[in-house]
Amino acid sequence: MNLTPPPSLAEAPRRRLKLHALAALFLMFFGFGASLIISRHVFERLPHLEDEFAYLYQAKIFAGGRVWIDRGDDPAKYFWQPFLLQVKAPDGEYQRQFSKYPPGWSLVLMTGVWLGLPALINAFLAMLNVGLTYRLGREIFDPITGLVAALLLAISPMALLINATLMSHTWAMSCVIVFTYAYWRTTRHGQGRFRWAILGGLMLGLLAATRPLTAVAMAMPTAIHALSRLYALSQKPNSLSPHQPQAASQPGLKAQLTVMFTFALATLPTTGLYPLYNLITTGDARTNTYTLLWKYDTVGFGEGYGLNKGGHSLSYGWRNARRDLTEWFRDLYGVTLDKSIAGYMQASFGWGAGVGLSWVPLLVGLFFGRRKGWVWFFFLYLVFIVGSGLLYWIGSVVNGAAAYSVRYYFEATFAVCLVSAYGITAWARALQHNPDESGGRLEKLWNRVYPIYFWLLVACAASLIGYTPARLREPLPPDWPNGLWRYNKAGMNQIAAIDALRGDQPAVILILNSKAPGFRDNWRDYAAPLAYTDPYLKSDIIVVRVYELDEVPPIAQRFLGRTVLYQIGEHLYRSLDEAETQVNMP
């Protein structure tokens with residue numbers, strides 16, 4: 001006889017929640033593993049965009065205990081890297097080399113440099129983002145909604161792509177999710193509200209020290225929600241009285257004002273990292289380091305903003321937004337129309353959304369959640385991040401393609417997944433078959449899963465197996481037929497060519513110019529060794545852009561004990577004599 005007492009009704013929900021949590025944990029590890037696999041097999045653990053080079057180089061500077069590198073009187077061309085600045089120190093005695101970007105992401109990436117695997121950081125953050133999205137959806141809505149949102153984020157082709165790079169967007173999304181979750185906790189009654197306010201403020205400040213414009217956009221939904229709550233509380237009689245009874249989970253006006261003040265105050269220490277970085281590197285905390293590289297690279301409208309004739313304008317911003325949203329509709333969930341159908345709809349009805357269908361779950365979520373305040377709260381993340389993009393002169397689509405997907409909208413992806421998940425779960429409940437739960441265990445499970453969850457899993461599998469691999473290898477303009485594989489020529493084949501000539505010895509690669517007509521140096525020809533170059537000049541491979549033959553002897557003397565190789569265009573040479581023949585070739 002089995003004397004084990006049956007589980008109580010109170011224990012049953014805990015058992016179901018545990019299953020949800022285990023499924024979310026699986027999705028977290030899936031996100032972690034997928035990031036590392038794509039990073040290895042598509043990107044070869046190398047930076048490919050100029051932004052990534054700058055982030056990684058600055059992380060290496062930070063890892064060595066410095067904020068900038070003293071380059072003395074060396075010409076900027078010698079140790080040039082994409083999107084690095086080399087400016088005179090305030091006293092004018094030497095030059096400082098550092099990244100043009102705010103320091104937030106490079107400070108985090110520094111940990112990956114210490115560990116010897118920078119790609120590990122975004123992989124861990126990808127895992128964290130999936131788990132936090134589940135937690136946020138579970139607490140604000142319900143466990144199923146949280147799990148579906150985590151699934152959508154985990155399989156999103158856009159997320160899988162960006163999480164495998166060295167870009168700052170995955171970290172920025174982590175900041176937004178933690179900041180949002182902390183704000184949610186401050187709206188609840190309890191003694192921990194101030195701790196959550198401090199955490200939320202610090203994370204918003206870190207976002208500002210990473211992507212300032214994104215921080216402003218992501219703070220707006222919270223600001224609107226907080227102000228509306230404060231207004232509602234102010235309309236209650238005696239709302240400032242500590243003796244006024246409140247709802248069990250809602251703090252009063254005075255308490256909420258204090259929490260919001262704490263929240264705002266907590267942003268200052270981490271936000272201050274950006275002006276502090278500017279002060280240390282340039283001598284002026286107000287410096288916009290973007291404009292030290294390109295004067296036009298700033299937010300705003302009119303002459304001098306961007307490269308368009310007459311400067312940036314709202315019409316140019318809207319043009320960028322339309323292009324970006326068309327790509328976003330494809331890459332968010334990887335569910336698309338056939339191109340012939342999209343072409344017919346465009347020709348017949350003026351359809352302008354391209355082939356992507358990722359907007360469908362979002363509309364379903366807005367429909368079923370039209371009376372749910374938190375659904376609109378999360379939708380506002382998308383509205384404001386798209387709106388913030390209107391202020392900037394360039395979008396994610398460059399040269400006719402979004403190589404790294406719609407990265408400028410990426411930080412709002414978790415919120416869009418939550419809205420979509422709310423719609424999917426609400427629709428599933430509306431269509432749920434056999435609500436009386438009659439039948440066997442398998443029949444009950446099937447009745448819960450079919451039809452919405454069944455087809456959701458089919459769509460996710462099709463996106464993961466069909467769309468994402470094709471997207472990663474999709475030909476990109478102007479001339480990248482293999483898509484992101486060795487995009488911008490960055491690949492381990494460049495390192496292999498150097499290894500074949502240097503053997504076991506450390507090497508210095510001296511880049512020379514050719515006098516051949518039409519020759520132009522292109523950093524992509526030596527992108528991988530650039531990524532290997534250490535700012536402290538201690539790495540096995542160092543790239544020096546010498547260009548002129550008469551500058552070779554003094555540079556070679558600075559790197560005694562290293563194999564000296566010479567490169568012109570894509571070609572490497574063992575000796576200066578071989579290289580000199582090519583330099584002087586008419």
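Description of the structure in this document. Residue numbers run consecutively from 1 along every chain, following the written order of its sequence. In keeping with the predicted nature of the model, local features appear solely for residues at pLDDT of at least 70, side-chain atom pairs appear and are counted solely at 80 or more, and the whole-chain, interface and lining totals rest on all residues. With hydrogens and water excluded, all non-hydrogen atoms of the structure serve as input to the side-chain values.

## Considering the packing of aromatic side chains
Spelled out, the test is: Any pair of Phe, Tyr and Trp rings, taking the six-membered ring for Trp, is counted once the centres come within 6.5 Å. Such a pair is stacked with planes under 30 degrees apart, edge-to-face with planes over 60 apart, and tilted for the rest. The classification of residues rests on relative accessible area computed with a 1.4 Å probe and restricted to protein chains. Under 20% of the type maximum is buried, over 50% is exposed, and intermediate values are partly exposed.
Inspection of every chain in the model, using the stated rule, returns 33 aromatic pairs. Seen from their ring centres, Phe-454 and Trp-455 are 5.0 Å apart, and the 80 degrees between their planes marks the pair as edge-to-face. The class of Phe-454 is partly exposed, set by a relative accessible area of 29%. Judged by its relative accessible area of 48%, Trp-455 is partly exposed.

## Focus: the packing of helix α5 (residues 143-155) against helix α17 (residues 413-431)
What counts is decided by this rule: Lines fitted to C-alpha atoms define the axes here, with helix axes fitted over just the stretch in contact, and angles between the N-to-C directions of these axes take values from 0 to 180 degrees. The numbering of helices and of strands both runs from the N terminus, where a helix is a DSSP run of H or I of at least 4 residues and a strand a run of E of at least 2. For classification, angles of less than 35 degrees are called roughly parallel, those exceeding 145 degrees roughly antiparallel, those between 65 and 115 degrees roughly perpendicular, and all remaining angles oblique. Left-handed is the label given to a crossing in which the near helix is rotated counterclockwise from the far helix by less than a right angle, and right-handed is the label when the rotation is clockwise. In this analysis, two residues are considered to be in contact whenever any of their non-hydrogen atoms come within 4.5 Å of each other. All amino acids are sorted into three groups, where Ala, Val, Leu, Ile, Met, Phe, Trp, Tyr, Cys and Pro are nonpolar, Asp, Glu, Lys and Arg are charged, and the leftover types, Gly among them, are polar.
Close contact between α5 and α17 brings their axes to 8 Å; oriented N to C, the two are set at 130 degrees. Relative to α17, the element α5 lies oblique. In the crossing of α5 with α17, the sense of the turn from one axis to the other is right-handed. Two secondary-structure elements touch here, α5 through Ile-144, Thr-145, Val-148, Ala-149, Leu-152 and Leu-153 and α17 through Thr-413, Phe-414, Cys-417, Leu-418, Ser-420, Ala-421, Tyr-422, Ile-424, Thr-425 and Arg-429. Residues belonging to the contact of α5 with α17 are distributed by class as follows: 11 nonpolar, 4 polar and 1 charged.

## What to know about the pairing of strand β1 (residues 69-72)
Convention followed: Any two strands with at least two DSSP bridges between them are considered paired.
The side-chain alternation of β1 yields one buried face, formed by Ile-69 and Arg-71, and one unburied face, formed by Asp-70 and Gly-72. Summarising the sheet, β1 and strand β3 (residues 95-99) pair through 3 bridges and their orientation is antiparallel. By the bridge assignment, Ile-69 is partnered in β3 with Gln-97.

## Brief notes about unusual backbone geometry
Geometrically, the link from Pro-477 to Pro-478 is a cis peptide bond, its omega value of 5 degrees lying close to zero. Relative to the helices and strands, Pro-478 is located in the loop between α19 (452-472) and α20 (492-502). In this structure, Lys-489 is a non-glycine residue whose phi angle is positive, near 70 degrees. In this structure Lys-489 comes out as partly exposed when scored by relative accessible area, which is 27%. In this structure, Leu-537 takes a positive phi of about 60 degrees despite not being glycine. As for its placement among the helices and strands, Leu-537 is situated in the loop between α21 (527-532) and β5 (541-547).

## Some details on the nonpolar core
Applied cut-off: Here, nonpolar core means buried Ala, Val, Leu, Ile, Met, Phe, Trp, Tyr and Cys residues that are tied together by side-chain atoms lying within 4.5 Å of each other.
Counting residues in each nonpolar core, the largest one holds 114 residues, and the members touching the most others are Leu-152, Trp-328, Phe-378, Tyr-381, Phe-414 and Leu-484. Here this core takes 11 residues from helix α7 (residues 169-186), the largest share from any one element. Not counting residues up to four positions away in its chain, the partners in contact with Trp-328 are Met-158, Ser-358, Leu-362, Leu-382, Val-406, Tyr-409 and Val-416. Listed in part, the 18 residues of the second largest apolar core include Ala-490, Ile-509, Trp-523 and Leu-530.

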